[in-house]
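# Survey of secondary and tertiary structure
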Amino acid sequence: MFNAGDTVEFISCDDDPRAIGKTGRVLDEVPPGPLTDYRWTVDQISFWIAPVLVRGDEIRKVG
């Protein structure tokens, strides 16, 4: 389970493979639901990468 503001590392990313190996910040304040197909929104990955939607198994908490 993730919380808003958690720093996460991308293990994989179907939405944008350029994010793999990078870190970002979880935006969602509540667990994701059917609107996002149960995927988390992660931002602040890179200047060139927009926020992405990822499944919980595509990211892991760091720090």
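Higher on the page you've got the structure.
Residues numbered from 1 in each chain as written. Predicted model: local features only at pLDDT ≥ 70, side-chain atom pairs only at ≥ 80, totals over all residues. Heavy atoms only, no water.

### Quick notes on the pattern of salt bridges
Across all of its chains, the model carries six salt bridges by this definition. Asp6 serves as the salt-bridge partner of Lys61, at 3.5 Å between the closest nitrogen and oxygen. Taken together, the residues span a long stretch of sequence, with Lys61 in strand S5 (residues 59-61) and Asp6 in the segment before strand S1 (7-10) at a distance of 55 residues. Owing to a relative accessible area of 16%, Asp6 belongs among the buried residues under this scheme. Arg55 is paired through a salt bridge with Asp14; the nearest N and O atoms lie 2.8 Å apart. Taken together, the positions of Arg55 in the loop between strand S4 (52-54) and S5 and Asp14 in the loop between S1 and strand S2 (23-26) put the pair 41 residues apart, joining distant regions of the chain. We classify Arg55 as partly exposed; its relative accessible area is 35%. Residue classification places Asp14 among the exposed positions, given a relative accessible area of 61%. Ionic contacts of the salt-bridge type, sharing partners, join the residues Asp14, Arg55, Asp57 and Glu58 into one network. (Salt bridge = Lys/Arg side-chain N within 4 Å of Asp/Glu carboxyl O. Helix = DSSP H or I, 4+ residues; strand = E, 2+ residues; numbered from the N terminus. Buried < 20%, exposed > 50% of the residue type's maximum accessible area, 1.4 Å probe, protein only.)

### Here's the deal with the packing of aromatic side chains
All chains considered together, the criterion is met by two aromatic pairs. Centre to centre, the rings of Phe2 and Trp40 are 5.4 Å apart; their planes meet at 80°, and the pair counts as edge-to-face. Remark: Trp40 occurs in strand S3 (residues 40-43) and Phe2 occurs in the segment before S1; sequence separation between them is 38 residues. For Phe2, a relative accessible area of 11% puts it in the buried group. Summarising the aromatic geometry, the rings of Phe47 and Trp48 are spaced 4.9 Å apart at their centres and angled 85° between planes, so their arrangement reads as edge-to-face. (Phe/Tyr/Trp six-rings, centres within 6.5 Å; stacked < 30°, edge-to-face > 60°.)

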